[in-house]
Amino acid sequence: NVKVMSLDLADLSSVDAFADRIASEKIDVDIFVNNAGVFRQPGRKTKDGFELVIGTNYIGVFRLTGKLVGYLSSLPHPVYYMNTVSVVFRTARKIDFGDFYFEKRYSDLAAYSRSKLCLAIFSRALARSLSDTNLAVYMIHPGVSMTPLAADAYGRGVSFLANRFRGLFNSPEKSSLAPFYILAKQPPAGSLAGPSGFFGVWGY
């Protein structure tokens, strides 16, 4: 049985409404995966005025998680909470709080990697703070996956090349295995699971 609920991570009022509905309807949750994200959105902002990539990939997820933690930790069984990061967060070695939203100088990859680095730091800290509860927080990453997220952002030329060299990327099916790995292997909370080949770019 599939139930569809509306959630826009680029609109904090939508985030709040979604989280409130989960709690008010007492929806039972075993596994929660935050997977939505955006890339390459120069000049665009969320409804609340944040740069769109950081506002969606990090601030929206941060707000959603904060709203859900109380309810999820009250459930009488284990809950697996997974935030999707990216191996590119390793390139964001320093967070410039003087230009956190890249208002002075915008970079597609830098904004994306910063959003994922912030999410990774938050996820690790949250996992530690919830270590004595039923709620286990993890990070997952898909590697470089053959989806429209980046390819379409750069137009038809990049999409064409990406499809021609499909063997250099993970398929969406292979990229979606990380949550199942966590459920099967039960690594410590705060762990990062994703493809193991070539710096985490592809593989199982």
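> I tried to follow the overall build of the protein chain on my own but got confused; where do I start?
A count of helices and strands for the protein chain gives 7 helices and 4 strands. Walking the protein chain from its N terminus toward its C terminus, one meets helices and strands in the order α-β-α-β-α-β-α-α-α-α-β. When burial is assessed residue by residue, the protein chain has 47% of its 204 residues classed as buried. If you take every contact in the protein chain between residues at least 6 apart in sequence, the share linking residues at least 24 apart comes to 72%. Counting only carbon and sulfur atoms, one obtains 57% of the accessible surface of the protein chain, whose full area is about 11,400 Å².

> Explain helix α1 (residues 12-24) here, please?
Look at α1: 18 Å from first C-alpha to last across 13 residues, which is about the 18 Å you get at 1.5 Å a residue. Where α1 is concerned, the buried positions are Leu 12, Ser 14, Val 15, Asp 16, Phe 18, Ala 19 and Ile 22. Where α1 is buried, its residues touch β1 (31-34) and α2 (52-72). Just past α1, the residue Lys 26 takes up positive phi, approximately 50°.

> When you look at the pattern of salt bridges in this model, what are you seeing that I'm missing?
Where charged atoms from two side chains of opposite charge approach closely, those side chains can pair. By the definition in use, this model includes 5 salt bridges. The partner of Glu 25 in a salt bridge is Lys 3, and the shortest N-O contact between them spans 2.9 Å. Linking Glu 25 in the loop between α1 and β1 with Lys 3 in the segment before α1, this pair joins segments that are 22 residues apart in sequence. Classification of Lys 3 as exposed rests on a relative accessible area of 53%. Between Arg 63 and Asp 16 there is a salt bridge, with the nearest N and O atoms lying 2.8 Å from each other. Within this pair, whereas Arg 63 is found in helix α2, its partner Asp 16 is found in helix α1, the two being separated by 47 residues in sequence. If you follow the salt bridges from partner to partner, you end up with Lys 3, Arg 21 and Glu 25 in one network.

> Looking at this model, I keep getting lost on the packing of α1 against α2. Mind explaining?
When two helices pack together, their arrangement is given by the angle between the helix axes and the distance between those axes. Two elements in contact, α1 and α2, have axes whose closest approach is 9 Å; the angle formed by their N-to-C orientations is 20°. Judged on the interaxial angle alone, α2 and α1 are roughly parallel. Seen along the crossing, α1 lies across α2 with a hand that is right-handed. Where α1 approaches α2, its residues Leu 12, Val 15, Asp 16, Phe 18, Ala 19, Asp 20, Ile 22 and Ala 23 are matched on the opposing element by Ile 59, Gly 60, Arg 63, Leu 64, Lys 67, Leu 68 and Tyr 71. Looking at the contact of α1 with α2 residue by residue, the class counts come to 10 nonpolar, 1 polar and 4 charged.

> Teacher, can you tell me more about the packing of aromatic side chains here?
Given two aromatic rings, one states the distance between the centres and the angle between the planes to describe the pair. If you walk through the whole model with that rule in mind, you get 7 aromatic pairs. When the centroid spacing of 5.2 Å and the interplanar angle of 10° are considered together, the rings of Phe 32 and Tyr 81 count as stacked. Residue Phe 32 is found in strand β1, and its partner Tyr 81 is found in strand β2 (residues 79-84); the two are separated by 49 residues along the sequence. For the pair Phe 32 and Tyr 81, a shared accessibility class is recorded, and that class is buried. With 5.8 Å between their ring centres and 35° between their planes, Phe 50 and Tyr 101 make a pair best called tilted. Taken as a pair, Phe 50 in the loop between β1 and α2 and Tyr 101 in the loop between β2 and α3 (108-129) lie far apart in primary sequence, 51 residues in all. Since its relative accessible area comes to 24%, Phe 50 is described here as partly exposed. In this structure Tyr 101 comes out as partly exposed when scored by relative accessible area, which is 26%. Over the ring of Tyr 204 we find Lys 174; its NZ or CZ atom is 4.4 Å from the centre of that ring.

Cut-off values and rules
- Residues numbered from 1 in each chain as written.
- Predicted model: local features only at pLDDT ≥ 70, side-chain atom pairs only at ≥ 80, totals over all residues.
- Heavy atoms only, no water.
- Helix = DSSP H or I, 4+ residues; strand = E, 2+ residues; numbered from the N terminus.
- Buried < 20%, exposed > 50% of the residue type's maximum accessible area, 1.4 Å probe, protein only.
- Contact = heavy atoms within 4.5 Å.
- Areas by Shrake-Rupley, 256 points an atom, 1.4 Å probe, with all protein chains shown as cover.
- Expected span 1.5 Å × (residues − 1).
- Salt bridge = Lys/Arg side-chain N within 4 Å of Asp/Glu carboxyl O.
- Axes fitted to C-alpha atoms, helices over the stretch in contact; angles between N-to-C directions.
- Parallel < 35°, antiparallel > 145°, perpendicular 65-115°, else oblique.
- Left-handed = near helix turned anticlockwise from the far one by under 90°.
- Nonpolar A, V, L, I, M, F, W, Y, C, P; charged D, E, K, R; others polar.
- Phe/Tyr/Trp six-rings, centres within 6.5 Å; stacked < 30°, edge-to-face > 60°.
- Lys NZ or Arg CZ within 6 Å of the ring centre and 35° of its normal.

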